[in-house]
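# Inside the fold
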Amino acid sequence: SKASARWTAARGAALWAGLAIAAGWFFRAELQTVLRPLSEHGSGLAVVVVVVASIWILWKLWRKYRFEKLARMPHIAVDELLKLMRSEAPPLLLDFRGHTLRAESGYIHGATLADYDRLNEVVRDWPKDALIVTVCACPKGAGAVQAARSIMAMGYVNVKPLQGGFDAWQAAAA
């Protein structure tokens, strides 16, 4: 009932607050030892914290910018890929999901299982002008984009990551 749920929540809150107060009382001498230098050098420490946080944020923004720049390449939509797979000349499809993900979520019919480390071995005999589609389950398709860039660097001219990655593939197959 609602009353017992409120009582349970109240007991949990009291326990949480009580433990925090007890910890403060128990470690009061240690807290004073830590707080004394902070009060003496607090403004300098605040400047250091702000500088470090700013550097970290700028680093993250720079990495995001680099990835977005790298990911600016033509992608292929799932519906277009499905249509092409039913054609007389289906695209060559590379599945970069790991063994565990493939075992859990199933295989993509017609896809070649690929590993980033052995990419050259997988595509070596493929025609340089064939459509190659890369698929992964990485956030924002990062692995598929990276693989597509690597394959294009090998001289292949028509390589596209799957837009939306394996999640989009799975949604279209359902």
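Residues numbered from 1 in each chain as written. Predicted model: local features only at pLDDT ≥ 70, side-chain atom pairs only at ≥ 80, totals over all residues. Heavy atoms only, no water.

Notably, K140 is not glycine yet its phi reads approximately 60°, a positive angle. Along the chain, K140 turns up in the loop between β3 (132–135) and α6 (142–153). (Helix = DSSP H or I, 4+ residues; strand = E, 2+ residues; numbered from the N terminus.)

Of all hydrophobic cores here, the largest spans 17 residues; its most connected members are L94, F96, I132, I151 and Y156. For this core, the leading source of residues is α6, giving five residues. Excluding residues within four positions of it along the chain, L94 makes contact with T112, A114, L119, V122, V123, W126, I132, V133, T134, V135 and I151. Grouped together as the second largest cluster of nonpolar side chains are twelve residues, I76, L81, L131 and V135 included. (Core = buried A, V, L, I, M, F, W, Y, C linked by side-chain atoms within 4.5 Å. Buried < 20%, exposed > 50% of the residue type's maximum accessible area, 1.4 Å probe, protein only. Contact = heavy atoms within 4.5 Å.)

At a minimum axis separation of 10 Å, helix α3 (residues 78–85) and helix α7 (residues 165–173) run at an interaxial angle of 65°. When the interaxial angle is binned, α3 and α7 end up roughly perpendicular. Pair α3 / α7 crosses with right-handed handedness. Side by side, α3 and α7 meet where V78, L81, L82 and M85 of the first sit next to A168, W169 and A172 of the second. Split by residue class, the contact of α3 with α7 holds seven nonpolar, no polar and no charged. (Axes fitted to C-alpha atoms, helices over the stretch in contact; angles between N-to-C directions. Parallel < 35°, antiparallel > 145°, perpendicular 65-115°, else oblique. Left-handed = near helix turned anticlockwise from the far one by under 90°. Nonpolar A, V, L, I, M, F, W, Y, C, P; charged D, E, K, R; others polar.)

Quick look at the environment of V122 now. Mapped onto the elements, V122 comes out in helix α5 (residues 119–123). For the pair V122 and L94, spaced 28 residues apart in the sequence, the C-alpha separation amounts to 9.0 Å. Excluding residues that lie within four positions of it along the chain, V122 makes contacts with L94 and T112.

Turning our attention to the pattern of salt bridges. As a working rule, side chains carrying opposite charge can pair if their charged atoms are close by. Under the criterion given, the structure shown has two salt bridges. Residue E68 pairs with K64 through a salt bridge whose shortest N-O separation is 3.5 Å. Pair noted here: E68 and K64 are both in helix α2 (residues 28–71), with a separation of four residues, about one helical turn. D95 is the salt-bridge partner of R97, the closest N and O atoms lying 2.8 Å from each other. (Salt bridge = Lys/Arg side-chain N within 4 Å of Asp/Glu carboxyl O.)

Once that is clear, we can look at the confidence of the model for the protein chain. In the predicted model, the protein chain carries a mean pLDDT of 89, and 99% of its residues have values of at least 70. Model confidence for the protein chain, summarised as mean pLDDT per element, is weakest for helix α4 (residues 99–105) at 84 and strongest for strand β4 (residues 159–161) at 95. (pLDDT = per-residue confidence, 0-100.)

Here β3 shows no split at all, with I132 and T134 on one side and V133 and V135 on the other all buried. As paired strands, strand β1 (residues 92–95) and β3 are joined by four bridges and run parallel to one another. Paired with D95 across the strands is V135, a residue of β3. Relative to β4, β3 is paired through three bridges, and the arrangement is parallel. By the bridge assignment for β4, I132 is matched with V159. (Pairing = 2+ DSSP bridges.)

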